[in-house]
Structure formats: C-alpha cells, structure tokens
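# Results of the structural survey
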Amino acid sequence: MAGLAGCHFTCLDSQRHAATRSGTCRAGAVAPSRNSQFVGRLGIKRGKSLKAIHVSSPSMISSYVPKQWTKGGPANNERDNMTAVDYRGQTTLITGASAGLGAEFARQLAARGSNLVLVARREDRLDKLAETLSTEHGVMVTAIAADLSLPHAGQTLVEETDRLGLRVTSLINNAGFGTYGVFHLEDADRLGDEITVNVASVVSISRAYIERLRQAGNGILINVASNAAYQPNPLLAVYGATRAFVLNFTEALWFESAGTGLKVLALSPGPTQTEFFDVIGTTNASGNTVLQTPRQVVEKALHTLDRRNPPPSIISGRRNHLQALSVRLLTRRRAALTVGAMMKPAN
Ligand SMILES: NC(=O)c1ccc[n+]([C@@H]2O[C@H](COP(=O)([O-])OP(=O)(O)OC[C@H]3O[C@@H](n4cnc5c(N)ncnc54)[C@H](OP(=O)(O)O)[C@@H]3O)[C@@H](O)[C@H]2O)c1
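Residues numbered from 1 in each chain as written. Predicted model: local features only at pLDDT ≥ 70, side-chain atom pairs only at ≥ 80, totals over all residues. Heavy atoms only, no water.

So, about the overall build of the protein chain. Looking only at helices and strands, the protein chain has 11 helices and 11 strands in total. Going through the 347 residues of the protein chain one by one, you find that 51% of them count as buried. For the protein chain, the proportion of contacts with a sequence separation of at least 24, taken over those separated by at least 6, is 71%. (Helix = DSSP H or I, 4+ residues; strand = E, 2+ residues; numbered from the N terminus. Buried < 20%, exposed > 50% of the residue type's maximum accessible area, 1.4 Å probe, protein only. Contact = heavy atoms within 4.5 Å.)

Spelled out as structure tokens, the structure:
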C-alpha cells in the first residue's frame, strides 16, 4: 500500500496566498479567495461564487428550517436551538474521502463554503473530486494520498498539512472498512489493518489536530462509528468492536470539548449505499435491511451539528435508531443470539 504521496502544486493567486508560482501554497495563512486560480495535481481550479447555505443571524433561521418543522413540540424546540456552523473560511480534513460517506461529506461541506483536505489511498479519485468541488463551489481543495493502515497517521498528516500551510479547523475521521466471517478463519493481517484504520488512526489523527481544533473554536470533529457499535456483532466481531471504541472515545471527547466552541459528534450510520459492502465482499453484513443513501446520513450529521447544543452521538435513520434502542432491552446473551441470526448468510 502506498504511503503519503507528494502534494506539489502551483498557485497563481500569489497575492492572496503567500505562495510562489510553483511550490507550496500557504493558503492557510490568509483567507482564501473565492475565485482562486490553482492548477496542478491537487485539482484546484478557478471557482465560481459560493453556493453555501449560511445562517448568519437569527432572523435567517426560519428560512433555513424545513417547512415540516413549523408545527409540533420537538420540532419547534429544535428550531429554536439551531445555530448553524459557519464553514466559510474553515478547512475541513476528511479521511476516506475517495468514496461513499467521505466523498458526500466533501460535497456537502464544499457547498457550505469549507475548504477541504481530502485523504485516502486512491489519489486519482481524490484529484477528480477536488477538481469538481473547487470548480463548483470556489473552495480550496487539497488531496493527500495516504494509507491509514500505516502507523503514526496523525503525525504524518499534520506534518503534510503544516508543510502546505493549511490551517485545519474541522476534522472528519471517516475512513474505515469491515471484515465479514467467523473470527477464527479471518486473515490476521487484514484484521490488524482494520484495527489500525478504524481505531488507531482515529486516535492518532484526533490527537494530532485536536489542540488546533480547540483553538480555532468554531469547527467540528466527527468520528464515524456505526450502529454496530451498540451490540455484539457475530461474523463482524472485530469491525463491531472497532466501532464501539470510536463511539465511546468520541462521546468522551464531546464532554472534554465543552466550552471550547468545538462541536464533537460520533456518527453511527446503519447500512448505507456505499462501497462498504463491496469491500466486505457480501451484503449479508447489512442484515438484509433497507439501505440509506450517503446524502441522508451526511445531512443528518451536519444538521445535528447545526444545533446549539448537539448530543455526543447520533444514529442515522429511524429504523437503525430503534434497533439500537431495542438491543438495550435484551440480555447480552439474547442480543448476541439475535444479531448472530441476522448476520448469518441468507442461503
Ligand atoms: N456503508 C455502511 O453501511 C456503513 C455503516 C456503518 C458505518 N460505516 C462507516 O462509514 C465509514 C465510511 O465507509 P463507507 O460506507 O463510505 O465505505 P466506502 O465507500 O468503502 O469508503 C471507505 C473509505 O475509507 C477509505 N479507506 C479504507 N481503507 C483505507 C486506508 N487504509 N487508508 C486510507 N483510507 C482508507 C477508502 O479510501 P481508499 O480505498 O481510496 O483508501 C474510502 O474512501 C467507515 O468508517 C465505515 O465503518 C459504513
């Protein structure tokens, strides 16, 4: 697997960005231009004006709130609690941005005005997405090819973003994958990589950036867990345990971040239409349920963080939420038996 690839590019907007005509653009040093012209491997091109939905004053909130919320107790309470995160001028680092939920986070955050740092192994995909988003939304998008199954992911990324002069203010630890099957027959190296990507890199990257995120004081930290975090997961034993780690870890960071302005959230999607099940090699791991779209999951997460006082964690999808709640009513034995029966191969 490839390590960190180079991020060499050319900045033509050297008045706004302390940059040379070819070399490292120190875009984080000043507010990025909405019409920055960049060329090069990082796919940063001339952008159009921003299309972000931005709520800058309470009077604008009502137009931001969906119509169906205008009646009913919880809806009104929630509307009153809305204070949308202002992503304009922020730089959000997203891991696992070459596909699925990570790519969707990139699309929705670019639409809200955030500059982006996209991280994954497949550099061609990152470059293509970077080019599209910078063109469509006028934000600065940097692609960094990195294999998060290698040790010290956080240190490696922070060195690279520092070298590029990028000031990361928000972070989404989204990269991850699963392995389906009985534990005693699984490939030990793959399980090791899974634990490194799903757990160790999340801790390492969070640790590397959290002081900067706290200092920025207006960003977000989302760690993507799973509804698998709420129960024992026969046939997904290691995967489920990694997601439970992320859930508990992130909820603790939520508490520790109180009062800093940094909004922390553990996002637990249920089965979602991404490449996740291609990587696993079977849809049995989905529990044969209805799959959500990445758009639904990401909208739910970002919308939750627009609340004045977001919870430490959310489960995306009403059905997934009910399922996670219902497991709490079972004994541990019954929970393992029930989930095990759901996970068994269909034939
Ligand atoms: N889809 C679901 O049903 C579901 C449900 C619950 C939770 N989740 C969680 O959602 C997150 C996103 O998954 P997804 O559904 O969007 O799956 P996906 O479409 O397969 O995307 C996974 C992303 O992780 C990246 N990744 C995997 N291994 C990596 C490595 N060694 N180094 C760097 N990047 C790596 C992949 O990029 P490269 O291959 O280019 O490196 C890709 O961008 C995961 O944490 C997953 O556990 C998914």
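What follows concerns the packing of aromatic side chains. Enumeration according to the criterion identifies three aromatic pairs in this entry. Look at Phe245 and Phe249: their rings are 5.9 Å apart centre to centre, the planes differ by 25°, and that puts the pair in the stacked class. On the criterion of helical spacing, the pair formed by Phe245 and Phe249 is a turn pair, its members being four residues apart in helix H7 (residues 237–256). You can call Phe245 partly exposed: its relative accessible area is 37%. Look at Phe249 and you get buried, because its relative accessible area is 19%. When the ring of Phe276 is compared with that of Phe277, the centres are 5.2 Å apart and the planes differ by 90°; the resulting orientation is edge-to-face. For Phe277, a relative accessible area of 8% corresponds to the buried category. An aromatic cluster is built from Tyr239, Phe276 and Phe277, whose rings are joined through pairwise contacts. (Phe/Tyr/Trp six-rings, centres within 6.5 Å; stacked < 30°, edge-to-face > 60°.)

Before going further, it helps to examine unusual backbone geometry. Not every positive phi belongs to a glycine, and His152 is a case in point at roughly 60°. Looking at the secondary structure, you find His152 in the loop between strand S7 (141–145) and helix H5 (153–163). In this structure His152 comes out as exposed when scored by relative accessible area, which is 55%. Of note, the phi angle at Leu235 is positive, near 75°, even though the residue is not glycine. For Leu235, the location among the structural elements is in the loop between strand S9 (220–224) and H7.

A word on the sheet that holds strand S11 (residues 313–315). On the basis of which strands lie adjacent, the open sheet formed by seven strands has the order S7-S6-S5-S8-S9-S10-S11 and parallel pairing. Only two strands of the sheet have a single partner each, and these edge strands are S7 and S11. Across the sheet, the mean angle from the axis of one strand to that of its neighbour is 15°, orientation sign disregarded. One ladder, built from three bridges, connects strand S10 (residues 263–268) with S11; its direction is parallel. Among the inter-strand pairings, Ala266 is bridged to a residue of S11, identified as Ser313. Of the strands in this sheet, strand S5 (91–95), strand S6 (115–120), strand S8 (170–173), S9 and S10 are in contact with helix H3 (residues 100–111), which crosses S5 at around 165°. (Pairing = 2+ DSSP bridges. Axes fitted to C-alpha atoms, helices over the stretch in contact; angles between N-to-C directions.)

Bringing the packing of H5 against helix H6 (residues 188–216) into the picture now. Interhelical geometry of H5 versus H6 gives an angle of 40° and a closest axis separation of 7 Å. Viewed along their axes, H5 and H6 adopt a mutual orientation that is oblique. Between H5, through Ala153, Gly154, Gln155, Leu157, Val158, Thr161 and Asp162, and H6, the contact on the second element is made entirely by Ser201, Ser204, Ile205, Ala208, Tyr209 and Arg212. Counted by class, the contact of H5 with H6 contains six nonpolar, five polar and two charged residues. (Parallel < 35°, antiparallel > 145°, perpendicular 65-115°, else oblique. Nonpolar A, V, L, I, M, F, W, Y, C, P; charged D, E, K, R; others polar.)

Residues in contact with the ligand amount to 31 residues; listed here are only the nearest, Ser98, Arg121, Asn174, Tyr239 and Thr274. When the ligand sits alone it has 880 Å² of accessible area, and the protein chains cover 97% of it. Secondary-structure elements contributing two or more residues to the shell around the ligand are H3, H7 and helix H8 (276–280). With three residues, H8 is the single largest residue contributor to the shell around the ligand. The class makeup of the residues in the shell around the ligand is 16 nonpolar, 10 polar and five charged. (Near = heavy atom within 4 Å. Areas by Shrake-Rupley, 256 points an atom, 1.4 Å probe, with all protein chains shown as cover.)

The subject of this paragraph is the packing of H6 against H7. Viewed as axis vectors pointing N to C, H6 and H7 meet at an angle of 10°, and their least axial separation amounts to 9 Å. By the angle between their axes, H6 is roughly parallel relative to H7. Across the interface between the two elements, Leu191, Glu194, Ile195, Asn198, Val199, Val202, Val203, Ser206, Ile210 and Arg214 from H6 touch Val238, Tyr239, Thr242, Arg243, Phe245, Val246, Phe249, Leu253 and Glu256 from H7. Of the residues assigned to the contact of H6 with H7, the class counts are 12 nonpolar, three polar and four charged.

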